Amino acid sequence: MQLGVVENLSFLTPEILLTVTLGAVIALDIGGPKDRKGLVARLAATGLGATLLMVILTYFELETKQRARVFLFADSFVVDPFSMFFKLVAGVCSFMIALFAAKVRRIESQGEGEFYTLLLVTTLGIFLMAGVTDLVGMVVAIETLSIPSYILAGFYKRDRGSSEASLKYVLYGATASGSMLFGLAFLYGLSGTTSFQGISAAIASGRADVLSISLMLGLVLIGLGFKISAAPFHMWTPDVYEGSPTAVTAYLSTASKAGGFAILIRLFYSILARPEVASRPEGQWIPIGDPGWTTLVAVIAVVTMTIGNLAAYKQTNVKRLLAYSSIAHAGYILLGFVVMHGSGLMAMLFYIATYVFMNLGAFLCVIAVSEAGGGEEISDFRGLGWRAPFLGFCMAAFLFSLTGLPPLAGFVGKVYLFAALVEHGWVWLSVVAALNSAVSLYYYVRVVKTMYLEGIPRRAGDVVPLRIGSHFGIMLFVCLVPTILFGIYWQPLARLATWSVGASAPVEARPVAAHK
Amino acid sequence: MPVANLEWFLLIGAFLFATGVFTILTRKNAVSVLMGVELVLNSANINLVAFSRFVRSPATLGPTSIEFPLQGEAAHHVYGAAWIGGNVFAAFVIILAAAEAAVALAIILGIYRNLGDVDVDEVTAMKG
């Protein structure tokens, strides 16, 4: 009996460190000194920073030891470059949010101990989502992310919008995960196993009917589509994003979504597809069973981005506008999913990594403005480019990057996605996506126009400066650097994404182990 | 007396699922919606436990590094635990359902305190 836990425990250091931090935060919150203003925030941020460091070290360890993947817990959890990539993205998001939530006065007054505890639990959930290869583990990981997210959405207990957001989130979320569980139960029943590899092997050996499995994966898609807010399961997104505390919204639209994509890719690519050459997941993939499911996902992607972009038009609230924009971006990212080629997966990973920075940055601008005494309506952004020049510049850069204009990171991400589509015969899809990008320019530019072309000061003395403080200024800069850098010098990130796909088949049916 | 077979359990599961979805879609009270969600979760549980009892192919093991030389009925008696994946799954689902219900009820309580109402049609300040 070889479970491979103890000798490979070092590959779990990020998760262990995260759990230790979690315990320390709870202990400090309960037993710490009364006047510990900001101490919990610092502890949580330090723990997340250390976790991030461990993620990077583990990444290197995988590379130097030439071990493409390490299976743990009787093959139900895998540490591979693909999962490490998502852990890196989620870790960066959580770290940034922990840092900028530290200066949000309202979170402090509501009890920062609870906030950071919940934030760390959700991060752990995403880390698990990135690595699970088992249906049970998958459910546990998704709920580890979801349940604290419901509470985080309603973190401002006395705020009507926040309560409403959390009620809508929990009701939609519970329904989605219920449908997903019903599908998962049938996946287990049809194949007789709960492991992704086992289900794939059951299909390959003809024990399980691939059509029934595909239908049940459709039910599972409800739960995962809810997580990434793909149409038609996106209804909750605008309300929840608008009502939640902005720091939580930023989190839900970046880290939580990245986790959803990780599990979506791993589940579907391990059960309904296999690489043409088993050792080359960066090459062509072959759909198993009816290849129609890629067309279904393509339609979902198109509907998602179109709904997101069209509904963003008439929004007057910046958070709600960004919510619809994040729905549209889920559609763009899904494009890479239908390509059935390593280049599509690589484009998805690249896009997620760049999207995280520009989206976090945009939400951070909203937080900085409202903390400095402004509001969240677009009209509150009037003349912002003159009142807070650096913030205005950052916001404009993030919005242009979200549109996909060169020389910003969002442009390179879209180029990779569209190139992968055209290369593999999805020309109509890339045309639709390009049209959508063009449409999205309108509402992003509307915000920039409000910031720069409205409320222009007549004389130099008329400017009422909006001071955002050095803390938010530095954080904005940290988001701005990758947004611009990856638009000019993106090769390192592209290499990392390619390696993450290539070194680790996101999933690949492992031959039945012949240990003795 | 007819012998209970897998289809019966699956039918009950499907019936519960349909009832749950119907409840979610038609009820206006947030607590009732939550009850519908519980029905959906428990329909999955019934299926899981039924599958665990009736599906006994060697595939239950999946490719794993644990080795099981015996197959079929004999294996079921000897290895027990490895064959009850569905039951374990159901146990997890029960715990998750409890956690979800606890959080959802707390949220509904908060809504009631802020708005004095738990009608999901009334809780719609945000639109568009």
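Above this text is the structure in question.
As the structure is a prediction and not an experimental result, all values here were calculated from the model.

Peer 1: Hey, could you run me through the overall build of chain A in this one?
Peer 2: A count of helices and strands for chain A gives 19 helices and 4 strands. Computed over the C-alpha atoms, the radius of gyration of chain A is 22 Å, within 12% of the 24 Å expected from 2.2 N^0.38 for a compact globule of 516 residues. Along the three orthogonal principal directions, the C-alpha set of chain A runs to about 80 × 60 × 45 Å. Looking at the 516 residues of chain A, the share that counts as buried comes to 63%. Averaging the coordinates of the 35 positive side-chain charges in chain A and doing the same for the 29 negative ones gives two points 5 Å apart.

Peer 1: What exactly am I supposed to notice about a nonpolar patch on the surface here?
Peer 2: Residues and elements named next belong to chain A. Nonpolar side chains collect at one region of the surface, where Phe390, Phe393, Phe477, Val481, Leu485, Ile488 and Tyr489 lie side by side and expose about 680 Å² of accessible area between them. Elements with a minimum of two residues in the nonpolar patch: helix 15 (389-403) and helix 18 (469-488). Per-element tally for the nonpolar patch: the top contributor is helix 18, with 4 residues. Assessed through its relative accessible area of 41%, Leu485 is described here as partly exposed.

Peer 1: Even after reading the chapter, I still don't get the packing of helix 3 (residues 81-101) of chain A against helix 4 (residues 105-131) of chain A, so can you show me in this structure?
Peer 2: Angle between the axes and distance between the axes: these two values describe a pair of packed helices. All names here are of chain A. Packing of helix 3 against helix 4 leaves a shortest axis separation of 9 Å and a crossing angle of 175°. In terms of orientation, helix 3 lies roughly antiparallel with respect to helix 4. Contacts from Ser83, Phe86, Lys87, Ala90, Gly91, Ser94, Ile97, Ala98 and Ala101 of helix 3 reach helix 4 at Ile107, Phe115, Tyr116, Leu119, Thr123, Ile126, Phe127, Ala130 and Gly131. Split into classes, the residues belonging to the contact of helix 3 with helix 4 amount to 12 nonpolar, 5 polar and 1 charged.

Peer 1: Would you mind showing me how to read the packing of aromatic side chains here?
Peer 2: Where two aromatic rings form a pair, the distance of their centres and the angle of their planes describe that pair. Residues and elements named next belong to chain A. Under the counting rule described, the total for this entry stands at 26 aromatic pairs over all chains. Among the aromatic residues, those joined into a ring-pair cluster are Tyr150, Tyr169, Phe226, Trp236 and Tyr241. Between Arg106 and the ring centre of Tyr156, over which it is positioned, the NZ or CZ distance is 4.1 Å. Between Lys414 and the ring centre of Tyr332, over which it is positioned, the NZ or CZ distance is 4.4 Å.

Peer 1: How should the pattern of salt bridges be read in this particular structure?
Peer 2: In a structure, side chains of opposite charge can pair up when their charged atoms sit close to one another. Residue and element names in this part refer to chain A. In the structure shown here, the tally under the stated rule is 11 salt bridges over all chains. Here Asp239 and Arg320 are joined by a salt bridge, their closest N and O atoms 3.1 Å apart. Taken together, the positions of Asp239 in helix 9 (residues 236-243) and Arg320 in helix 12 (residues 318-338) put the pair 81 residues apart, joining distant regions of the chain. Arg320 carries the same exposure label as Asp239, and that label is buried. Note that Arg320 and Glu242 form a salt bridge whose closest N and O atoms lie 2.7 Å from each other. One end of the pair, Arg320, is in helix 12; the other, Glu242, is in helix 9, and 78 residues separate them in sequence. Across the pair, exposure class does not vary: Arg320 and Glu242 are buried alike. Via salt bridges that share partners, Glu164, Lys168, Asp239, Glu242 and Arg320 belong to a single interconnected network.

Peer 1: In this structure, what is going on with helix 2 (residues 30-54) of chain B? I would like to understand it.
Peer 2: It helps to recall that an α-helix has 3.6 residues per turn; residues three or four apart then point in one direction. Compared with an ideal rise of 1.5 Å per residue, which puts 25 residues at 36 Å, helix 2 of chain B spans 37 Å between its outermost C-alpha atoms and is within 8% of the ideal. Two or three places before Val31 of chain B, at the start of helix 2 of chain B, stands the capping residue Asn29 of chain B, its side-chain oxygen 2.8 Å from that residue's backbone nitrogen.

Peer 1: Mind showing me how you'd approach the side chain of Thr117 of chain A here?
Peer 2: Residues and elements named next belong to chain A. Residue position: Thr117 is located in helix 4. For Thr117, a relative accessible area of 15% gives the class buried. Once residues lying within four places of it in the same chain are set aside, the contact partners of Thr117 are Leu22, Val25 and Ile26.

Peer 1: Would you mind showing me how to read unusual backbone geometry here?
Peer 2: Most peptide bonds adopt trans geometry, and most residues besides glycine take a negative phi value. Residue and element names in this part refer to chain A. Of note, the bond from Ala231 into Pro232 is cis; its omega dihedral lies within 30 degrees of zero at 0°. Relative to the helices and strands, Pro232 resides in the loop between helix 8 (210-227) and helix 9. Look at the link from Pro406 to Pro407: it is a cis peptide, with omega at 5°. Here Pro407 is to be found in the loop between helix 15 and helix 16 (409-423). Even without being a glycine, Ser229 presents a positive backbone phi close to 50°. With respect to the helices and strands, the residue Ser229 is situated in the loop between helix 8 and helix 9. Looking at Ser229, the relative accessible area reads 0%, which means it is buried.

Thresholds, definitions, all that
Residues numbered from 1 in each chain as written. Chains lettered and ligands numbered in written order. Predicted model: local features only at pLDDT ≥ 70, side-chain atom pairs only at ≥ 80, totals over all residues. Heavy atoms only, no water. Helix = DSSP H or I, 4+ residues; strand = E, 2+ residues; numbered from the N terminus. Rg over C-alpha atoms; globule rule 2.2 N^0.38 Å. Buried < 20%, exposed > 50% of the residue type's maximum accessible area, 1.4 Å probe, protein only. Lys, Arg positive; Asp, Glu negative; His and termini not counted. Charge placed at Lys NZ, Arg CZ, Asp CG, Glu CD. Patch = residues over 30% accessible without salt bridge, like charges linked within 9 Å, V, L, I, M, F, W, Y side chains within 5 Å. Areas by Shrake-Rupley, 256 points an atom, 1.4 Å probe, with all protein chains shown as cover. Salt bridge = Lys/Arg side-chain N within 4 Å of Asp/Glu carboxyl O. Axes fitted to C-alpha atoms, helices over the stretch in contact; angles between N-to-C directions. Parallel < 35°, antiparallel > 145°, perpendicular 65-115°, else oblique. Contact = heavy atoms within 4.5 Å. Nonpolar A, V, L, I, M, F, W, Y, C, P; charged D, E, K, R; others polar. Phe/Tyr/Trp six-rings, centres within 6.5 Å; stacked < 30°, edge-to-face > 60°. Lys NZ or Arg CZ within 6 Å of the ring centre and 35° of its normal. Expected span 1.5 Å × (residues − 1). Polar contact = N/O pair within 3.5 Å; in protein donor to acceptor, adjacent residues only side chain to side chain.

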